[in-house]
Structures are given as structure tokens and as C-alpha cells.
Amino acid sequence: MPVRSTFLTPLLLTGVVALSSGCGDLDGTRAAHAQSPPTVVNVETSTDEQSTSPPLVVAGVVRSAESVAIHAYVDGEITSVAVQVGDAVQAGDLLVELQSPELVQLVEEARAKLAQAEALARVADIDGQMAALEITTSLGEWEADYDAAVASLASTRFESTRTVHDQQRNMSYTLSDVERGNTDLSRARNQLVYAGLQREATQARGASLAISLAKSEREKQRMEELQSKDFASSSAVEEAQLSYATAVTASEEHKQDLAARDEDVKAALEEIASSERLAAISADALSHDRKSLEAVKEGREASEVEAELSLQKTGVRRDATRAFVDLDVEKSAHTLEAAAAGVRAARAAVKVAEQQVGWLRVTAPVDGVVLGLHVSVGELARSGRTTYASETP
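Residues numbered from 1 in each chain as written. Predicted model: local features only at pLDDT ≥ 70, side-chain atom pairs only at ≥ 80, totals over all residues. Heavy atoms only, no water.

1. Observations regarding the environment of Arg199
Applied cut-off: Labels follow the DSSP assignment, with helices taken as runs of H or I lasting at least four residues and strands as runs of E lasting at least two, numbered in each case from the N terminus.
Inspection of the secondary structure assignment puts Arg199 in helix H2 (residues 101-228). With 61 residues separating them along the chain, Arg199 and Ala260 place their C-alpha atoms 8.5 Å apart.

2. Points about the side chain of Thr156
Quick reminder of the rule: Partly exposed describes any residue whose relative accessible area lies between the buried limit of under 20% and the exposed limit of over 50%, with all areas from a 1.4 Å probe on protein chains only and scaled to the type maximum.
Secondary-structure assignment places Thr156 in helix H2. Using a relative accessible area of 17% as the deciding quantity, one classes Thr156 as buried.

3. As for the pairing of strand S5 (residues 76-81)
Basically, it comes down to this: Here a strand pair is declared whenever DSSP counts at least two bridges between the two strands.
Pairing of S5 with strand S10 (residues 380-381) involves 2 bridges; the strand directions are antiparallel. Its bridge partner lying in S10, Gly76 is registered against Ala381. Relative to strand S7 (residues 94-99), S5 runs antiparallel, the two sharing 4 bridges. Residue Ile78 lies in a different strand from S7, and its bridge partner there is Leu98.

4. Let's talk about the pairing of S7
Sheet topology note: the S7/strand S8 (residues 361-363) ladder contains 3 bridges and is antiparallel. Opposite Leu94, over in S8, you have Thr363 as the bridge partner.

5. Focus: the side chain of Arg261
Selection criterion: The term polar contact refers here to a pair of N or O atoms within 3.5 Å; inside protein, the definition further demands a hydrogen-donor-capable atom paired with an acceptor-capable atom, and it admits residues adjacent in sequence only when both atoms are side-chain atoms. Contacts between residues were defined by any pair of non-hydrogen atoms, one from each residue, lying within 4.5 Å.
Counting through the fold element by element, Arg261 comes out in helix H3 (residues 234-358). Relative accessible area serves as the criterion here: at 18%, Arg261 is assigned to the buried category. Of note is the side chain of Arg261, whose polar atom sits 3.0 Å from the side chain of Asp264. Apart from residues lying up to four places away in sequence, Arg261 is in contact with Gln198, Arg199 and Thr202.

6. Side note on the pattern of salt bridges
So the rule is basically this: By convention in these notes, a salt bridge is any Lys or Arg side-chain nitrogen within 4 Å of a carboxyl oxygen on Asp or Glu.
Within the structure shown, the criterion is met by 21 salt bridges. In this structure, Asp177 engages Arg180 in a salt bridge whose closest nitrogen and oxygen atoms are separated by 2.2 Å. Within this pair, Asp177 and its partner Arg180 are both found in helix H2, separated by 3 residues, close to a single helical turn. Where Lys220 meets Glu224, a salt bridge forms, and the shortest distance between an N and an O atom there is 3.1 Å. Taken together, the residues Lys220 and Glu224, both in helix H2 and 4 residues apart, mark about one turn of the helix. With a relative accessible area of 16%, Lys220 lands in the buried category. By relative accessible area, which is 30% here, Glu224 ends up partly exposed. Bridged by salt links that share partners, the residues Glu143, Arg318, Asp319 and Arg322 form one connected network.

7. A short note on H2
As a reminder of what qualifies: Any helix carries an expected span of 1.5 Å times its number of residues minus one.
Taking 1.5 Å per residue as the helical rise, H2 with its 128 residues ought to reach 190 Å, and the 183 Å between its terminal C-alpha atoms agrees with that figure. Following H2 by one or two positions, Asp230 has its phi on the positive side, about 65 degrees.

8. Here we look at the packing of H2 against H3
Filter applied, for reference: Convention adopted: a line fitted to C-alpha atoms gives each axis, helices being fitted over their contacting stretch, and angles between N-to-C directions are expressed from 0 to 180 degrees. For classification purposes, an angle smaller than 35 degrees is called roughly parallel, one larger than 145 roughly antiparallel, one from 65 to 115 roughly perpendicular, and anything else oblique. Here the nonpolar group is Ala, Val, Leu, Ile, Met, Phe, Trp, Tyr, Cys and Pro; Asp, Glu, Lys and Arg are the charged ones; every other residue, Gly included, is treated as polar.
The contact between H2 and H3 brings their axes to 2 Å, and the two run at 175 degrees. Viewed along their axes, H2 and H3 adopt a mutual orientation that is roughly antiparallel. Per-class residue counts for the contact of H2 with H3 are 56 nonpolar, 37 polar and 34 charged.

9. Observations regarding the sheet that holds S10
With antiparallel pairing, the 4 strands of this open sheet are ordered in space as S8-S7-S5-S10. The sheet is open, and its two edges are formed by S8 and S10, each paired on a single side.

Put into C-alpha cells, the structure is as follows:
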């Protein structure tokens, strides 16, 4: 028949408090435990069916399978003992409370240093923000100056190109005037040649007309003389007179034509003179335009060189400002990091100091029962020495 054992009474963690100036230890714990009365444990047996046998009673002593040594982590004067022998405690319950003015002073100093480090960090952060604002403003000004220099260079190039283009256009107009003047002069000279040829032709025709006039005049006189002697008929005389009148008319017309040809020659000469004057004026204007164009090109080059030089200077200053900005940013980052490191170190120091002050409260590490107490208020507890001994099941 299978047997099942059941503990009717719970097993409590037992311990010994031996807090003193080094007098308590685990040996005292074992001695105190040996003097404790035995604990009776009832053991029941059971089967699958209802058993009618009487319960089995066994006598024995329950011992803890594990002991825990407790000691203070810092030196301090005992100000209070919160437990007595036989008290049941739970993990975290206060056992003994110490006092150490040095540790309290250390916490205050650590907190003061933390406040100072945080203040320095805030100052560094404000200084960094102000420096960043100043740097941003300065860099923004140089960036604006550089953009203005770029715009000025573009404007200079545009204005120079426009001026050169306008001057070239004016020169092209003047060149057209010169070409037109040369064309007019050539035409006037051709007209003079033509007028001279016409005059020569008219003069040549005048000799023939003079001969015809003289011949018709002699024939008229002869016929009139023969008529007076009745040797010529009236019709023959009239014919001779008509021929003479025609010759006179032709001679008068020739004189008019010759005068007209003289006028044509004169007009051609005047046209040549006018064309030559205009051509000279256009040539002078063209020469002036060429000189102006060369001057404009030289001024354009000088203006562009000056604008490019200004752009380069502004770019160098902008780049230098950027380099200074990078250095200042790096310096500010190092300063902030150093301040943050100071704050972290100060917080760590505060944490350590507060932890040491917290160690002035000695608490139970596990659940158990106080079996021994060898400390009193006013005694000095040394760190590293056993102040408590407890046993756990």
C-alpha cells in the first residue's frame, strides 16, 4: 500500500541576531539553535481507499537547511533595535537602524556638487545656444553676402553683355550707314559719268545741228534770192524756209539739252560731294563706335574681374566662417559633453552616498524568526563584520 507523508505544521525560517562589536557569529547561532525545544511533526498515511488505521506519531527536531550571515555595509552608531528574540520577520523588515553624520554630510556634499554640476551644464547649454545663435547669424550674414556677390557677378555679366550687344548693334547700324554711303557715292559717280557721256553726246550732236542750220540757212537765202529773180518757185522757197526753221528749232532744243546735261553733271557732282561728306561722317562714326566697343569690352572685363574677385573674397570669408562654426560647434559639443559627464559623475556620487545612507537601515534579507539578539542602542557597528545570522529551510 503506498504511503504519503504530510507536514501539518509549517516550517519557519529560524535565525539568530548577534549584532555587536564583533562578538556575534554563526557559532552562537548554532548554540542558540541547539537549546531550542524540539518541534513535533504529525505524519499521516493514506491509501486509495478510506483507511481505518490510527495516525502515526513521530517525534523529531526540525533544522534549517541553510543559514544566512548578515552584516552592516557601513560603520555607524546603533540608534534603534526594531526586533526582539523570537520575533518573526519578513524580507525587508527593519532590524537595526544606525546613524553616521559623516555619511549624511557626504550625501549633502554630493547633492551640492550635483546641483553645481547641473547649474554648470545649464550654463554650458545656454552658452552653446547663444553661441549657436550668434554663429548662425554670422554665417547667415556671410551666406547673404556671398549670394549678393553671386547676384552682383551675374548682373555685371548681364549688363556688360547687354552693353556690348548694344554697342555692337549701334556699330552695325553705323556700318550699314557707311555701306549705304559708299553705295550712294558709287551711284553718284556713275551718274556723273553717265551725265558726262550724255553731255558729250549732246555736244557731238550740236556740231551736226550747227552744220545743218548753216546749210539750211544758206539754202533759204539762195532760194529767196532765186525767187527774187523768178528762178525759184514759191513752193521751193517755202520748203527751204521750213527746213531752216526746223534747223533753228533743233538748234534751240540742242542748246536746252546741252544746258540740261550741264545741270545733270552739276547735280552728279553735288551728289558726289554730298555722298563723300556722308561717307566721311559714317566712317568717323564707325571709327568712334569701334573705339567705344573696345572700351566697353575692356570695361566689361574689368567689371567682371572685380565682381569675381569680390565673390572669391566673400567665398573665402564664408568658408572661414564655416570652419570657425565647425570648430565652435565641436568645442560646444565637447563642453556640453564634459558638463554632462560632470552631471553623470555627480549623480553617481549622490547615488553612492544615498545608498550608503540607506545601508544605515539594516533589514532582514529573508523571512524568518529572530532567535538571538546581542546588540544594544549606542554601540558601534563595523562594516564587514557579521551582525546577524539566520537559518532558512
